[in-house]
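Examination of the molecular architecture
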Amino acid sequence: NDHLDFFDANAVREAATKTKPRRSSAGGRRPPSARPSDGDVLPGPAVAAMIQDNLPIVVVQVNPKKGKSADRYERYKHAATCQQFLALGGSRADLQNDMVRGHVDLATATG
């Protein structure tokens, strides 16, 4: 795991929750969205490092998706590692988006 110097699980969690300031909608009349804003990002290099290091993950078992993405989610929701997530049919974009939305998180080490 040579990338661990570059990669910090806490930094990934922090990056996934950072947001850019939102512009107010027309007169502020629209209720805030339950979805993360466009400013919520998880950098691509962090996702690549997670996959290369095959970090352990936890996937929410209740499927929040619809359509084709729901079908993929049903396959990869059993993944325990980033590489298994991909092997079960998830894409890098799925992993990135699901982490930002809170459907996937890094597993915490238990001592």
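My aim in this report is to walk through the structure given alongside it, one point at a time. (Residues numbered from 1 in each chain as written. Predicted model: local features only at pLDDT ≥ 70, side-chain atom pairs only at ≥ 80, totals over all residues. Heavy atoms only, no water.)

Some details on the nonpolar core
Counting 18 residues, the largest nonpolar core has Met-50, Ile-57, Cys-82, Phe-85, Leu-95, Met-99 and Val-104 as the members making the most contacts within it. Among the secondary structure elements, those contributing two or more residues to this core are helix H2 (44–52), strand E1 (57–59), helix H3 (67–76), helix H4 (82–87), helix H5 (92–100) and strand E2 (104–106). Element by element, the count of residues in this core is highest for H2, at four residues. When sequence neighbours within four positions are dropped, the list of residues in contact with Val-104 reads Ile-57, Val-58, Val-59, Phe-85, Leu-95, Asp-98 and Met-99. (Core = buried A, V, L, I, M, F, W, Y, C linked by side-chain atoms within 4.5 Å. Buried < 20%, exposed > 50% of the residue type's maximum accessible area, 1.4 Å probe, protein only. Helix = DSSP H or I, 4+ residues; strand = E, 2+ residues; numbered from the N terminus. Contact = heavy atoms within 4.5 Å.)

Regarding the side chain of Asp-98
With respect to the helices, strands and loops of the structure, Asp-98 is situated in helix H5. A relative accessible area of 1% places Asp-98 in the buried class. Ignoring sequence-local partners within four residues, the contact set of Asp-98 consists of Lys-65, Tyr-73, Tyr-76, Phe-85, His-103 and Val-104.

A closer look at the packing of aromatic side chains
This structure, assessed with the given rule, holds two aromatic pairs. Arranged with centres 4.1 Å apart and planes meeting at 40 degrees, the rings of Tyr-76 and Phe-85 form a pair that is tilted. Like Tyr-76, the residue Phe-85 is buried in the burial classification. An aromatic cluster is present here, built from Tyr-73, Tyr-76 and Phe-85 joined pairwise through their rings. (Phe/Tyr/Trp six-rings, centres within 6.5 Å; stacked < 30°, edge-to-face > 60°.)

Structural notes on unusual backbone geometry
Phi is positive for Asn-54, which is not a glycine, with a value near 50 degrees. Its place among the elements puts Asn-54 in the loop between H2 and E1.

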